[in-house]
Amino acid sequence: MSVTQALPKTARLRTLGMAAEIAARLRTMIQEGELPPGARIDEKSLCDAFDVSKTPLREALKVLVAEGLVLHRQYIGYRVAPLDLDELRQTFETLHGLEAHAGELVANRLGDAALARIERKHQAMIDAHAAGKRTDYFRINQEIHQMIVDSVGNAVLSGIYATLMSKVHRARGAANADQLRWQESHEEHDAIMAALREPGRPRLASILRAHSENTAREVLRVVEQSLAEPGGRATHVRRGRES
């Protein structure tokens, strides 16, 4: 029986609720690069930072281990999972197709209300760009892509896309990618919005795919460069070598 299971029911529910919140915060820290690939997770420091005991923290870490974001080894502890460059390449290959497929489907499914919501989110991204808020810009950028996919109305497609994009978002944050592509990405999003406004949206699928391919080239370039640097944190690991 785990420590959590041994707690009274009320305390157990409170602990699990705290664990879910902590897991969400740690997930963001990992995806934004605040906790970089391969970094050791200092449980004491995190407990102090979150003002919690080790019990909810470890429950949160178990969730992230199950998601593949964190690795755990007995007697050694927890650390952020290294990036797998081969997996990242394969993820992008899959995303290119999903972007184009979503663009084809959404062409006849995107309603005026959904388009208006995307327009508002696009304006928020423009504002973040103008203010030089790079982290906010790319977070909103990702939200726009998810909104377009969600507009298809296919829960399976939305779920798969969200899972794969979380891997890409982590690579961006870990390698601090997209710095040179910020303006280019901004212009490509303007093109996506123009395609969304066109009657029938005939260009949308090809524009979304091209945008995905351009993003992949930059992210993979920066990750590969970080691997070549002494002490690079975006480490590639083979499957089966970590527990």
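First things first, this report covers the structure right here in the doc. (Residues numbered from 1 in each chain as written. Predicted model: local features only at pLDDT ≥ 70, side-chain atom pairs only at ≥ 80, totals over all residues. Heavy atoms only, no water.)

### Re empty space enclosed by the protein
Note the following rule: The distinction between a cavity and a pocket rests on a 1 Å grid over the protein atoms alone: a 1.4 Å probe fits inside a cavity but cannot get out, while a pocket stays open yet meets protein on both sides within 12 Å along at least five of seven lines, and a residue with an atom within 4 Å of a point counts as lining. Grid points are joined across faces, edges and corners, and a volume is the space filled by probe spheres set on the points. Residue polarity is assigned by list, with Asp, Glu, Lys and Arg as charged and Ala, Val, Leu, Ile, Met, Phe, Trp, Tyr, Cys and Pro as nonpolar; anything else, Gly included, falls into the polar class.
In the structure shown here, the tally under the stated rule is one cavity of 30 Å³ or more. Empty space within the largest cavity amounts to approximately 100 Å³. Lining the largest cavity are Phe-92, Leu-95, Glu-99, Asn-141, His-145, Tyr-161, Met-165, Val-168, Arg-172, His-211, Ser-212 and Thr-215. Looking at the lining of the largest cavity residue by residue, the classes come out as five nonpolar, five polar and two charged.

### Section: the pattern of salt bridges
This is how the line gets drawn: Each reported salt bridge corresponds to a side-chain nitrogen of Lys or Arg within 4 Å of a carboxyl oxygen of Asp or Glu. Secondary structure elements are defined from DSSP: runs of H or I of at least 4 residues count as helices, runs of E of at least 2 residues count as strands, and each element is numbered from the N terminus. Categorising residues by exposure relies on relative accessible area from a 1.4 Å probe, with only protein chains included: less than 20% of the type maximum marks a residue as buried, more than 50% marks it as exposed, and the intermediate range marks it as partly exposed.
Here the structure, examined in full by the defined rule, presents 15 salt bridges. The salt bridge involving Glu-43 is made with Arg-58; its shortest N-O contact spans 2.7 Å. Placement of the pair is Glu-43 in helix 3 (residues 43-50) and Arg-58 in helix 4 (residues 54-67), with a sequence separation of 15 residues. You can call Arg-58 partly exposed: its relative accessible area is 37%. Notably, a salt bridge pairs Asp-86 with Arg-89, separated by 3.2 Å at the nearest N-O pair.

### A look at the packing of helix 6 (residues 112-130) against helix 7 (residues 134-150)
Put simply, the rule is: Orientation is described by axes fitted as lines to C-alpha atoms, over the contacting stretch for helices, and by angles from 0 to 180 degrees between their N-to-C directions. Any angle that falls under 35 degrees is termed roughly parallel, while one over 145 is termed roughly antiparallel, one within 65 to 115 roughly perpendicular, and all others oblique. Helix crossings get a hand from a simple test, with the near helix turned counterclockwise from the far one by less than a right angle marking a left-handed crossing and a clockwise turn marking a right-handed one. Any two residues whose heavy atoms approach within 4.5 Å are treated as being in contact.
Interhelical geometry of helix 6 versus helix 7 gives an angle of 165° and a closest axis separation of 8 Å. Of the possible angle classes, the one that applies to helix 6 and helix 7 is roughly antiparallel. Helix-helix and strand crossings are classified by hand; for helix 6 and helix 7 the assignment is left-handed. On the side of helix 6, the interface is formed by Arg-117, Ile-118, Lys-121, His-122, Ala-124, Met-125, Ala-128 and His-129, while helix 7 contributes Asp-136, Tyr-137, Ile-140, Asn-141, Glu-143, Ile-144, Met-147 and Ile-148.

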